Amino acid sequence: EQLHRLRPYTRLELVKRAENRCVNVGGLRLRENVVEKNGWQYTYKTWEASWTPSQGGKRVKRQFSVNKYGDEQAYKLAVKTRRQALRDLEQNSV
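Residues numbered from 1 in each chain as written. Predicted model: local features only at pLDDT ≥ 70, side-chain atom pairs only at ≥ 80, totals over all residues. Heavy atoms only, no water.

Caption draft 1: Spatial organisation of the overall build of the protein. Summing up its helical and strand segments, the protein has 3 helices and 3 strands in all. Burial analysis of the protein (94 residues in total) assigns 24% to the buried set. Accessible surface for the protein amounts to roughly 7800 Å². Of this, 48% is attributable to carbon and sulfur atoms. (Helix = DSSP H or I, 4+ residues; strand = E, 2+ residues; numbered from the N terminus. Buried < 20%, exposed > 50% of the residue type's maximum accessible area, 1.4 Å probe, protein only. Areas by Shrake-Rupley, 256 points an atom, 1.4 Å probe, with all protein chains shown as cover.)

Caption draft 2: Molecular detail of the sheet that holds strand 3 (residues 60-65). The strand order 1-2-3 describes an open sheet built from 3 strands, whose pairing is antiparallel. Edge positions in the open sheet fall to strand 1 (28-37) and strand 3, since each of these has one partner strand only. On average, adjacent strands in this sheet sit at an angle of 40 degrees to one another, irrespective of strand direction. Pairing of strand 1 with strand 2 (residues 40-51) involves 10 bridges; the strand directions are antiparallel. (Pairing = 2+ DSSP bridges. Axes fitted to C-alpha atoms, helices over the stretch in contact; angles between N-to-C directions.)

Caption draft 3: Structural detail: the packing of aromatic side chains. Under the defined criterion, the tally for this structure stands at 2 aromatic pairs. Measuring from centroid to centroid gives 4.8 Å for Trp47 and Tyr75, while their planes differ by 70 degrees, and the two rings are edge-to-face. Taken together, the positions of Trp47 in strand 2 and Tyr75 in helix 3 (residues 71-93) put the pair 28 residues apart, joining distant regions of the chain. The class of Trp47 is buried, set by a relative accessible area of 14%. (Phe/Tyr/Trp six-rings, centres within 6.5 Å; stacked < 30°, edge-to-face > 60°.)

Take it as geometry only, folks, not as evidence of what the structure does.
Okay, here's the thing in structure tokens:
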């Protein structure tokens, strides 16, 4: 008896499945960066959106500064950027 073989998920399908399982939007994270310059330490936060454009492609990351936009607006920009990138991926794969 032969088993019915399923095709593997595409990267886009895996991303969508991961997002559906999470309360928050997948592919986002709040980063806290520490930089030393001229003997001083600076700490800044960014919301980072990331995605992989194609199978085996290099991960793309976009960061939005909490200092520049505020926490809520930086988060919203990261969400919007990631969702737009996924829509573009979906349109290009059809």
